[in-house]
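The chain contents come next:
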Amino acid sequence: MSQQKKRRGLTLVYTGDGKGKTTSSLGLALRGIGRGFNVGIFQFIKSKERTYGEEIALKKLGVEMIQLGVGFTWTKTPEEHREALRKGWPIAREAVMSGEYDLVILDELNNALAIDKFLIEDVLPIKEVIDLIQNKPSHVHLVVTGRSAKDEIKNIADLVSVIEPEKHYYNEGVPAVKGIEF
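Just so you know, these numbers come straight off a predicted model, no measurement behind them.

Caption draft 1: Summary view of the overall build of the chain. Along the backbone of the chain there are seven helices and six strands. What you see in the chain, going N to C, is helices and strands ordered as α-β-α-β-α-β-α-β-α-α-β-α-β. Considered along the principal axes of its C-alpha atoms, the chain spans approximately 55 × 35 × 30 Å. Buried residues in the chain amount to 45% of all 182 residues.

Right, here's the structure in full:
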């Protein structure tokens, strides 16, 4: 049996209102790449319409970062978001279940699951997410990021890190900084 198949894949959750959830997951991706992991990154809110610094860097390392979303919930209609989730969830689920990846990051999945401005349960069912976590291939490490992680997900995760702000330059009127936020 190969080392890959013997390894127990972990489920890690990065949540909270502080900055650094995606950044932490990208640090894991970088570490995994350095150790020969095949890494898949799927972003549930970010849109293909923008370019992100991490996407540019990962592409140089041969890792594709796939944006499944259409942007912040206030920038598009509920129908556009629902359609993106309807199309994106099966893509991410299949990537995890394929066993092709050693590490899969489902970035902002918690944010998507926490949407309460419009119905999402029929396009991104929490039961399917829980099923994915519980039945993923045994060697796959799974990272789920985003604010407002559901208790059902935190309860079955191997690690939950809650990142909370103590101070943030946004509160002093400093806008998003290239190379720091995007």
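Caption draft 2: View of empty space enclosed by the protein. All chains considered together, the criterion is met by one cavity of 30 Å³ or more. Lining the largest cavity, in full, are Phe44, Ile45, Gly69, Val70, His81, Ala84 and Leu85. For the lining of the largest cavity, the element with the most residues is helix 4 (residues 78-97), which contributes three residues. Partitioned by chemical class, the residues of the lining of the largest cavity number five nonpolar, two polar and no charged.

Caption draft 3: Broad picture of the layout of surface pockets. In this structure, the largest pocket spans a volume of roughly 1300 Å³. In this structure, the largest pocket is lined by 41 residues; those nearest its centre are Lys46, Phe72, Glu108, Asn111 and Arg147. Listing elements by their share of the lining of the largest pocket, those giving two or more residues are helix 2 (21-34), strand 2 (39-47) and helix 3 (53-60). With four residues, the top contributor of residues to the lining of the largest pocket is helix 2. Broken down by class, the residue content of the lining of the largest pocket amounts to 13 nonpolar, 15 polar and 13 charged. Space inside the second largest pocket adds up to approximately 180 Å³. For the lining of the second largest pocket, the elements supplying multiple residues, two or more each, are helix 2 and strand 5 (141-145). Ranked by the residues each element gives to the lining of the second largest pocket, the list is headed by helix 2, at three residues. In the lining of the second largest pocket, the residues fall into six nonpolar, two polar and one charged.

Caption draft 4: Expanded view of the environment of Asp158. By the secondary structure assignment, Asp158 is in the loop between helix 7 (151-156) and strand 6 (159-162). Considered as a pair, Asp158 and Val13 are 145 residues apart in the sequence and their alpha carbons are 8.1 Å apart. Leaving out residues up to four positions away in the same chain, Asp158 has contacts with Arg8, Gly9, Leu10 and Thr11. Within the structure, Asp158 has its side chain in polar contact with the side chain of Arg8 (distance 2.4 Å). Within the structure, Asp158 has its side chain in polar contact with the backbone nitrogen of Thr11 (distance 2.8 Å).

Caption draft 5: Structural detail: the packing of aromatic side chains. Inspection of the entire model under this criterion finds four aromatic pairs. Seen from their ring centres, Phe42 and Tyr101 are 6.2 Å apart, and the 85° between their planes marks the pair as edge-to-face. Separated by 59 residues along the polypeptide, Phe42 in strand 2 and Tyr101 in the loop between helix 4 and strand 4 (103-107) bring together distant segments of the chain. Relative to Tyr170, the ring of Tyr169 lies with its centre 5.6 Å away and its plane at 90°, an arrangement referred to as edge-to-face. When the ring centre of Phe182 is taken as origin, the NZ or CZ atom of Arg50, which lies over that ring, is 5.5 Å away.

About the criteria used
- Residues numbered from 1 in each chain as written.
- Predicted model: local features only at pLDDT ≥ 70, side-chain atom pairs only at ≥ 80, totals over all residues.
- Heavy atoms only, no water.
- Helix = DSSP H or I, 4+ residues; strand = E, 2+ residues; numbered from the N terminus.
- Buried < 20%, exposed > 50% of the residue type's maximum accessible area, 1.4 Å probe, protein only.
- 1 Å grid on protein atoms, 1.4 Å probe; cavity = no way out; pocket = protein on both sides within 12 Å on 5 of 7 lines; lining within 4 Å.
- Points joined across faces, edges and corners; volume = space filled by probe spheres on them.
- Nonpolar A, V, L, I, M, F, W, Y, C, P; charged D, E, K, R; others polar.
- Contact = heavy atoms within 4.5 Å.
- Polar contact = N/O pair within 3.5 Å; in protein donor to acceptor, adjacent residues only side chain to side chain.
- Phe/Tyr/Trp six-rings, centres within 6.5 Å; stacked < 30°, edge-to-face > 60°.
- Lys NZ or Arg CZ within 6 Å of the ring centre and 35° of its normal.

Everything listed is a geometric property; what it means functionally is a separate question.
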